[in-house]
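# Coordinate inspection notes
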Amino acid sequence: MFCSSLDFSQALAQYTRDTVGELMGKYISNDVTLEQMSSQVTSGWERITNEQGKLNQLNIYRAALGLDSLLTVDKCRLHREEMDMIDPSVCKQYDDHNTTLIIIVLSSIVGAGVVILVVYFLYKRYKAFQKIKIAHERQMESTLNEATRALRMLDYPLHLISAQDFIKGGKLLQHERLRNSHRLTVLDNLADVDSFIQAGKQVVFFSHQWTAFDAPDPNNHQYEAMIGALHELSKRNGWDPSWNDVFVWVDYSSIPQANPSVQNLAIRSLAVYSSSATSFVVVAPDTPHADLDSVCDLDTYQRRMWCRAEQVCHSMRNGTDGMYLAVTNKETGLVEVTPVKPDFFRESLHVFDGELSCCRLEHKGMEACDRQSLVVPILGLYGELFRAAHDGIKGNNADISTVKTFLSEIEKHQEEVFPRTFQRVMWRKDKRIMEEVLLFGDLIERMRTRIKQGKMYVVQERGGTESTKSTTSFLRHGTPNPSTFIRHGARQASELSEGPPELPTTVRHRGIAVQDSEKSNNETKQSNGNSLVGGETVSIGEANNMSRNRISETEEVHKSIETSVPSP
């Protein structure tokens, strides 16, 4: 309770009499010093404060100074703790309820703002995730379409050298040298390739490992093994000794070396080149590497990813019957040519376990790994295998045992044969970065689903759309039985039954269409340096211009494909 004015007066009188008055008398009589008097006055004030309470003593002090007592509201504002000790209800009536309300409202607004920001952030994240998901789906579908299309079209024409010119060359000759001397046979599309093969032409694909960093075969050991292989194949298959119908594919001679852009187009078609051959020869004699202190042989060849890829692309389409090894006999030291064993494909199926130069160099100055460039062709080949088995099973076809053997081996080791991701080392801003990159992902499952649902379509080279689910027979090139394995699908089975088709009226050399056989001999004399292109007679210069235009258009198509279809 608060003290009355009487209490204030009594307290003041007591303070004056007992403390101040008494001490002043002692000070006047010199019984105490000024410091002692001041100290005792202070302690007396504290004692009265404790006895009367802080608030009462404040009133006494203000009264001594002639000041009015503080208002209750001021006491609540300045001495709330003491006021609540006396009576907590007194100061509550002066609490500012509006301030509390304002604080509550502001807090609610801030809280709502935070909630809205969080919801907006989550919504943006969800939309971004949906966009990424849609983009991923489109990329997967584009990759499937590209894989299907890749085996039906050539990004760059198939260039072959006749066996006669190959032997006369005396070594592996560069593509541009053969092109400029008009010694390359050019097949522009797969329809022409099929017609070429069906006309009885033999295409020998030589797969080998380069034995120097900047030259394919500096000591000519592999070239000599290739010549030996041609003689052995001719003897085994009873080819015409003149070798007029035998042609060779080998990378250094058949793929452009000087122009990287055009070279990349040819590399994109490597799977089709390999699968189009009637014979496939692994050329791996024991040969020292010119730049490394090591020997190149079958073991080092099998470790190379590109070598495995060439084998797989051929064997998936044609089986292993037409595949041979040209390797050194460890006992005699001589190069021998022998057929591969039926299970030879098992090791080469593990394409993506192979070694790559780009990985050895840790992709410095490179945008991607060569592994990624093989996803499309390998996926397309698998799709054809699975479709062959699926259609064969539904039709109770008995000629798909080899296809099933491949598929069975793939299913046992699917995660190794078709890795979902791989670890890639890259250099960015002088920093070495290791990252996990998507390779096949779920493309294999998607391809199976497509085929089972009958949705596997391809674009034909000459326009239109063709479903790969058709009555087209499967053909292994160079074999009399057209139903043994898989073919390109450019011609229907009814056409094949009529006998080997005639070759196209022209076979192009260096982009120039040159007329065939007797027709060429008779009409070339009358053309005065003219050439037949697309059924019309034009000058050699015009033909060259047309060829360059074709290549330019092909490059534009390639660029558009790369722009619209991201790498897996």
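Just so we're clear, the structure is a prediction, and the values are computed from it rather than from any experiment.

Attention shifts here to the packing of aromatic side chains. Within the structure shown, the criterion is met by 11 aromatic pairs. With centroids separated by 5.3 Å and ring planes inclined at 50°, the aromatic side chains of Phe166 and Tyr223 adopt a geometry described as tilted. In this pair, Phe166 is assigned in helix H8 (residues 163–169) and Tyr223 in helix H11 (residues 221–237), connecting sequence segments 57 residues apart. For Phe166, a relative accessible area of 2% translates into the label buried. Note on Tyr223: relative accessible area 5%, which makes it buried. With a centroid separation of 5.8 Å and 80° between ring planes, the pair formed by Trp210 and Tyr252 is classed as edge-to-face. Here the residue Trp210 occupies a position in the loop between strand E3 (202–208) and H11, and Tyr252 occupies one in helix H12 (residues 251–254), the gap between them amounting to 42 residues.

On to the pattern of salt bridges, then. Close approach of charged atoms lets side chains of opposite charge pair. Enumeration over the complete set of coordinates arrives at 19 salt bridges. Across the pair Arg236 and Glu232 runs a salt bridge, and its minimum N-O distance is 3.1 Å. On the criterion of helical spacing, the pair formed by Arg236 and Glu232 is a turn pair, its members being four residues apart in helix H11. Assessed through its relative accessible area of 21%, Glu232 is described here as partly exposed. Notably, a salt bridge pairs Glu415 with Arg420, separated by 3.3 Å at the nearest N-O pair. A single salt-bridge network, built from bridges that share partners, covers Glu137, Glu141, Asp442, Arg446 and Arg450.

On to the confidence of the model for the protein chain. Close inspection of predicted coordinates is inappropriate in any region flagged by low pLDDT. For the protein chain, mean pLDDT is 77; residues scoring 70 or higher make up 74% of the total. At the level of individual helices and strands, the protein chain shows its lowest average pLDDT in strand E16 (residues 530–533), which scores 34, and its highest in strand E4 (residues 246–250), which scores 97. Confidence drops under a pLDDT of 50 for residues 458–568, and excluding neighbours within four residues, the segment shows 214 contacts in the predicted structure.

On the surface, Leu101, Ile102, Val105, Leu106 and Ile109 cluster together into a nonpolar patch covering about 480 Å² of accessible area. Counting through the fold element by element, Ile109 comes out in helix H7 (residues 97–150).

With that out of the way, let us pick up helix H3 (residues 54–64). Every buried residue belonging to H3 is among Leu55, Asn56, Gln57, Asn59 and Ile60, and all of these are buried. Looking one or two residues beyond H3, the residue adopting positive phi is Gly66, at roughly 80°.

Moving on, we come to the nonpolar core. Counting 74 residues, the largest nonpolar core has Tyr273 and Phe440 as the members making the most contacts within it. With 10 residues, the top contributor of residues to this core is helix H20 (residues 375–394). Setting aside residues up to four positions removed in sequence, Tyr273 forms contacts with Leu154, Tyr156, Pro157, Leu158, Phe205, Trp249 and Ala266. Ranked by size, the runner-up nonpolar core spans 27 residues in total, among them Leu172, Leu230, Val248 and Ala326.

Turning our eyes to something else, we now look at the side chain of Glu409. The residue Glu409 is located in helix H21 (residues 401–412) in this model. A distance of 3.0 Å separates a polar atom in the side chain of Glu409 from a polar atom in the side chain of Arg346. Discounting chain neighbours no more than four positions away, the residues touching Glu409 are Phe345, Arg346 and Leu349.

Moving on, we come to the pairing of strand E9 (residues 335–339). Where strand E8 (residues 323–328) meets E9, five bridges bridge the pair, whose relative direction is antiparallel. Considered in E9, the bridge of Ala326 is made with Val337.

With that out of the way, let us pick up the pairing of strand E5 (residues 279–284). Within E5, six of the six residues are buried, leaving the element largely enclosed by the surrounding structure. Here E3 runs beside E5; their pairing, made up of five bridges, is parallel. Bridged to Phe205 within E5 is Phe280.

This part is about H11. Helical geometry note: an α-helix holds 3.6 residues per turn, so side chains three or four residues apart project in the same direction. Here H11 spans 24 Å end to end across 17 residues, near enough to the 24 Å set by a 1.5 Å rise per residue. Looking at the residues trailing H11, positive phi occurs at Gly238, about 65°.

Let us now look at the environment of Asp321. Within the secondary structure layout, Asp321 lies in the loop between helix H16 (305–318) and E8. Looking at Asp321, the relative accessible area reads 54%, which means it is exposed. Taking the C-alpha atoms as reference points, Asp321 and Lys341, separated by 20 residues in sequence, lie 8.7 Å from one another.

So, how was this worked out
Residues numbered from 1 in each chain as written. Predicted model: local features only at pLDDT ≥ 70, side-chain atom pairs only at ≥ 80, totals over all residues. Heavy atoms only, no water. Phe/Tyr/Trp six-rings, centres within 6.5 Å; stacked < 30°, edge-to-face > 60°. Helix = DSSP H or I, 4+ residues; strand = E, 2+ residues; numbered from the N terminus. Buried < 20%, exposed > 50% of the residue type's maximum accessible area, 1.4 Å probe, protein only. Salt bridge = Lys/Arg side-chain N within 4 Å of Asp/Glu carboxyl O. pLDDT = per-residue confidence, 0-100. Contact = heavy atoms within 4.5 Å. Patch = residues over 30% accessible without salt bridge, like charges linked within 9 Å, V, L, I, M, F, W, Y side chains within 5 Å. Areas by Shrake-Rupley, 256 points an atom, 1.4 Å probe, with all protein chains shown as cover. Core = buried A, V, L, I, M, F, W, Y, C linked by side-chain atoms within 4.5 Å. Polar contact = N/O pair within 3.5 Å; in protein donor to acceptor, adjacent residues only side chain to side chain. Pairing = 2+ DSSP bridges. Expected span 1.5 Å × (residues − 1).

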